[in-house]
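# Analysis of the macromolecular model
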Amino acid sequence: DRRSPFSPDRNHVHHFLLDLGFSHKKVTLLCVGTNIGFMALAFFLRNIGTTSLIGLLMLIACSLISLVYFLRNKIKYPVVPAIALEEKIIKSHKILTLAPETVEVN
């Protein structure tokens, strides 16, 4: 999207769970519980081999994330006319100088 990777977005699993209607507390408990479940699964299946274990855990994790992603509500934003968008655009720009005050340019 030609955006900084550090810019905020809502493309994380906990945001998708919030969009599904879970409360913050339930999302936290679900994430912690899932993490504990993965640790327990890795512990009990440690004898099947490292490669097989990592493959199985990745398959389960990707399946769960895909399930949450496809179940989330599709947020539909209202269509805003272009004229309304132009009114919200700031027409003046501030130029920062070495002086302690800013200078506005129209």
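Look up a bit, the structure's there.
Notes on the structure in this doc start here. (Residues numbered from 1 in each chain as written. Predicted model: local features only at pLDDT ≥ 70, side-chain atom pairs only at ≥ 80, totals over all residues. Heavy atoms only, no water.)

## Some remarks on the packing of helix 2 (residues 24-44) against helix 3 (residues 50-71)
Contact geometry for helix 2 and helix 3: axes closest at 11 Å, N-to-C directions at 155 degrees. When the axes of helix 2 and helix 3 are compared, the pair comes out roughly antiparallel. Every pair of crossing elements has a handedness; the one defined by helix 2 and helix 3 is right-handed. Together, T34, F38, L41 and A42 of helix 2 and L53, L57, I60, A61 and L64 of helix 3 make up the contact between the two elements. In terms of residue class, the contact of helix 2 with helix 3 is made up of 8 nonpolar, 1 polar and no charged. (Axes fitted to C-alpha atoms, helices over the stretch in contact; angles between N-to-C directions. Helix = DSSP H or I, 4+ residues; strand = E, 2+ residues; numbered from the N terminus. Parallel < 35°, antiparallel > 145°, perpendicular 65-115°, else oblique. Left-handed = near helix turned anticlockwise from the far one by under 90°. Contact = heavy atoms within 4.5 Å. Nonpolar A, V, L, I, M, F, W, Y, C, P; charged D, E, K, R; others polar.)

## Some thoughts on the packing of aromatic side chains
Summed over the entire model, instances satisfying the criterion amount to 3 aromatic pairs. Between F16 and Y69 the ring centres are 5.4 Å apart and the planes differ by 65 degrees, which places this aromatic pair in the edge-to-face class. Note that F16 is positioned in helix 1 (residues 13-19) and Y69 in helix 3, a separation of 53 residues in sequence. Overall, the relative accessible area of 8% leaves F16 in the buried class. With a relative accessible area of 33%, Y69 lands in the partly exposed category. Ring centres of Y69 and F70 lie 5.2 Å apart, and the angle between their planes is 80 degrees; this geometry places the pair in the edge-to-face category. Site record: aromatic cluster; members linked through ring pairs are F16, Y69 and F70. Over the face of the ring belonging to F43 we find R46, whose NZ or CZ atom lies 4.2 Å from the ring centre. (Phe/Tyr/Trp six-rings, centres within 6.5 Å; stacked < 30°, edge-to-face > 60°. Buried < 20%, exposed > 50% of the residue type's maximum accessible area, 1.4 Å probe, protein only. Lys NZ or Arg CZ within 6 Å of the ring centre and 35° of its normal.)

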